[in-house]
Each structure stands twice: as C-alpha cells, then as structure tokens.
Amino acid sequence: MRPFEFTRAPSLKEAGSLTAASDSMAIAGGTNLLDLMKLQVETPSRLADLNRLGFAQIEDTDDGGLLLGALATNTETAVHPRVRRDYPVLARAILAGATQQLRNKATNGGNLCQRTRCFYFTNIDQPCNKREPGSGCGAIDGIAKLHAILGTSDQCIATYPGDMAVALSALDATVLVSGPGTDRSVPLREFHVLPGDTPWVENVLERGEIITGITLPPPVGGTQLYRKVRERSSYAFALVSIAAIVEIADGKFTRADLAFGGLAHKPWHDPHLADALVGQAPSRELFDTAADILLEDARGYGENDFKIPLARRTLHAVLQQAAEDAA
Ligand SMILES: Cc1cc2nc3c(=O)[nH]c(=O)nc-3n(C[C@H](O)[C@H](O)[C@H](O)COP(=O)(O)OP(=O)(O)OC[C@H]3O[C@@H](n4cnc5c(N)ncnc54)[C@H](O)[C@@H]3O)c2cc1C
Ligand code: SF4
C-alpha cells in the first residue's frame, strides 16, 4: 500500500473540499476501498474519513417513507424494524450480501459506490480500461463468468456487484447528494451508469460530492422477494439476482416492480417488464414474454453465456413464487 494522508473530515463542507481534489477519496467503512488500496488499484494520496459527519440516522420521512443515513451500516439498516416490516426486499438483499462482519462495518453510502469484482480490474498487471483507460479489456476474450450480458460496451463488460442497490432500484429509492455548489437528489435508477466509452465512470457523483442518505418512498405492501443465484450460499457475489415487489388482485398482476443484479454495470430496471405484466394473469407464457423483454438485447461473452438462460429461469421462479405467495 502506498503512503497516504488521513484526515477526519470535521464537517460536510470540509469533506467536500477534501474530496474535490483528484488525488483524494472519501472513506466510510473501508471494506472496499482499503482492499483496493492494498492491491494498488486505488492510489489516493489523501483520504477524507466521513465517519464523524453524522448521517447515520434511520428515520421516518414526512411522506411516510424512510430515510437511511449514508453512514448507517448495512447491519443497522437490515435489522431496522421499519425496514423489516415495510421494505423486506431491502432487508433480504442486504442480508444476502457479504458476511455479518463486513455488513457490520459497511455503510449504505459505501455500498452504493463499491467497485466491480472483475479479475482484470483488481490485478494491476492486467489490461483494464476501467482502471487504466486505453489499456484494453481483458475480460471480453478472457475470464468473464461474473460479467454483464446487458448494457455492455466494447470498452467494458463489468457488472455492478452489489445487492442492496438492486432492492433500492425495485423500491424506486432516491440518493441524497451534497456537493460543493448545491445539494441534489438522484433517483437510484439513474445513480449508476452504463460503461459506454467511459467505463471508469460508474455513477453520477462529481468530485467533492458526498452521499448523505437514501430515501425510500412510502411502503407499497405486496409480496417482496429477493432471490440471489450464486456459486456458494454465502460470501459470494450474484451471478443473477432479482428484487421483486409484486401485487396481485382478482388473479391479475397489479404491480410488478422488478430489478436485476449481476446482469449489467448497474442494477437493471426495465419499465417494459411492468408494462407487460400488469393487468395480466400469471402464466408460463406470460413469464416467457417477460423474459423475452428482459433478454431481448442480451449478449454473452463465452464464459458468461450461461447467464442468459439462468436469468430466464430465475425470473420464471421469482414470478411463480410471487404469484403463489400473493394468491
Ligand atoms: C469478501 C467480500 C464480500 C462481499 N460480498 C458482497 C456481496 O455479496 N454483496 C454486496 O452487495 N457487497 C459485498 N461486498 C461489498 C461490501 O458490501 C462493500 O465493501 C461495502 O458495502 C462498502 O461500504 P464501505 O462503507 O466499507 O465503503 P468504503 O470501502 O469506505 O468505500 C467504498 C467507496 O465508496 C466511496 N464512499 C463511501 N462512502 C461514501 C459517501 N457517503 N459518499 C460518497 N462516496 C462514498 C469511497 O470513496 C469508495 O470509493 C463484499 C465485500 C467483501 C470484502
Ligand atoms: S470488464 Fe471492465 S473492469 Fe473488467 S477488464 Fe474489462 S474494462 Fe476492466
């Protein structure tokens, strides 16, 4: 690990000033950033520690929703009574990620900004356009089992690896951001971006911007599921995951908010899926139509070709379970 300066940011303004410089980064739980610094994938000269800033609250919002502080830990969030009661898809997604020890330390803000798990990204002697622009993408003709099948580019086929944000996408959450100029709110569905020609850009945060919280809309009820398909039953990232909030009335879908992990550079949300499902009665044919819509533009890269049928089968299973639970 290279030497670096460590400053405890005393205020949000100071945190913004400290992280505005190109050689500085924010640190919260450190469970992702410190690993990457040890591997020399991230090489900041200065770290601004956010942990004294507050923003660890989890509290009701005026409209009946819930505010999750950026510095609340994943564990505090997953076990919070309102999260468990009103947003069980979020509790399940968080508990499907990492390990208890990591979740005790990992923060909500850090979780959103965690970086990809691509083998070439984390090995500095390998080509990787995300880590070293212009060096090439080792994964496209190489080790690509974990990689994306949707929204890829010829520059990068990495996935966003997190679980929590997949549930937040299904819930249509909002990310609260404080910046040097002004504060802003970003829909979670627009927070992460596709790789395009700039794979090193993973989200819409600008230099000096700090996430202060995440807001959840008022609860909608329905059946809430999080299914994560992975190689081991714990301590493994998703091959495919689905967060689903589904309601059925009079034998027909009245709500079908779905988001997918493990498939793209961002939690994948396709509004056409809800359009196809709502108003229809659950059936194998309907689930096939939904999978056709989801996977219309899917492309495998050899090692990850299996993800296309896996995503189809997982979507079938989730919709079938949701239909049975809601009946
Ligand atoms: C072995 C292992 C297994 C894991 N498995 C899973 C898994 O299955 N599913 C899953 O979802 N995750 C998994 N993780 C990832 C883990 O969830 C993340 O490391 C964690 O959530 C990051 O949070 P942190 O607070 O430690 O972030 P840090 O490591 O402190 O920071 C991560 C990034 O976020 C930035 N950042 C942090 N806070 C803010 C903020 N408030 N505003 C702006 N930028 C900020 C930092 O600058 C840095 O770039 C795993 C991690 C490990 C080590
Ligand atoms: S997939 Fe993206 S992160 Fe992985 S090697 Fe290619 S450019 Fe780098």
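Our subject is the structure that appears above.
Before going into details, it helps to say that this report is about the structure given with it. Small disclaimer: the values here were computed from a predicted structure and weren't measured.

Some points on the overall build of the protein chain
Okay, so step 1: In terms of regular secondary structure, the protein chain is built from 12 helices and 11 strands.
Okay, so step 2: For the protein chain, the C-alpha radius of gyration of 20 Å lies close to 20 Å, the compact-globule estimate for 327 residues.
Okay, so step 3: Counting only C-alpha atoms, the protein chain reaches 60 × 50 × 35 Å along its principal axes.
Okay, so step 4: The buried share of the protein chain, taken over its 327 residues, is 50%.
Okay, so step 5: Pairs at least 24 apart in sequence give 63% of the contacts found in the protein chain among residues at least 6 apart.
Okay, so step 6: A total of about 14300 Å² of accessible surface is found on the protein chain, and carbon and sulfur atoms cover 48% of it.

So, the sheet that holds strand S6 (residues 174–178)
Okay, so step 1: Pairing is antiparallel across the open sheet formed by 5 strands, whose spatial order is S4-S5-S8-S6-S7. Edge positions in the open sheet fall to strand S4 (58–60) and strand S7 (183–187), since each of these has one partner strand only. Direction aside, the axes of adjacent strands within the sheet are offset by 25° on average.
Okay, so step 2: Relative to S7, S6 is paired through 5 bridges, and the arrangement is antiparallel. Looking at S7, one finds that valine 175 is bridged to valine 186.
Okay, so step 3: Sitting on the sheet, helix H1 (residues 12–20) touches S6 and strand S8 (210–216), and the angle it makes with S8 is about 120°.

Focus on the nonpolar core
Okay, so step 1: Counting residues in hydrophobic clusters, the biggest one holds 36 residues, and the most contacted among them are Leu68, Leu90, Leu112, Leu168 and Leu216.
Okay, so step 2: Looking at this core, the elements with two or more residues in it are strand S5 (66–69), helix H5 (88–95), helix H8 (164–170), S6, helix H9 (188–191), S8 and strand S10 (240–249).
Okay, so step 3: Looking at this core, the element that brings in the most residues is H8, giving 6 residues.
Okay, so step 4: Beyond its immediate stretch of four places on either side in the chain, leucine 216 contacts Gly65, Leu66, Leu68, Tyr87, Leu90, Leu168, Leu171 and Ala173.
Okay, so step 5: Among the nonpolar cores identified, the runner-up in size contains 30 residues, and Val246, Leu277, Val318 and Ala322 belong to it.

Some words on helix H11 (residues 284–295)
Okay, so step 1: Helix length check: H11 (12 residues) gives 16 Å between terminal C-alpha atoms against 16 Å at 1.5 Å per residue, within 8%.
Okay, so step 2: Leu286, Phe287, Ala290, Ala291, Leu294 and Leu295 are the residues of H11 that are buried. Taken end-on, H11 shows its buried residues confined to a sector of 160°, consistent with a single buried face.
Okay, so step 3: Where H11 is buried, its residues touch strand S11 (252–261), helix H10 (271–277) and helix H12 (307–326).

Quick notes on the rules
Residues numbered from 1 in each chain as written. Chains lettered and ligands numbered in written order. Predicted model: local features only at pLDDT ≥ 70, side-chain atom pairs only at ≥ 80, totals over all residues. Heavy atoms only, no water. Helix = DSSP H or I, 4+ residues; strand = E, 2+ residues; numbered from the N terminus. Rg over C-alpha atoms; globule rule 2.2 N^0.38 Å. Buried < 20%, exposed > 50% of the residue type's maximum accessible area, 1.4 Å probe, protein only. Contact = heavy atoms within 4.5 Å. Areas by Shrake-Rupley, 256 points an atom, 1.4 Å probe, with all protein chains shown as cover. Pairing = 2+ DSSP bridges. Axes fitted to C-alpha atoms, helices over the stretch in contact; angles between N-to-C directions. Core = buried A, V, L, I, M, F, W, Y, C linked by side-chain atoms within 4.5 Å. Expected span 1.5 Å × (residues − 1). Arc of directions from axis to C-beta.

These figures capture arrangement, not role.
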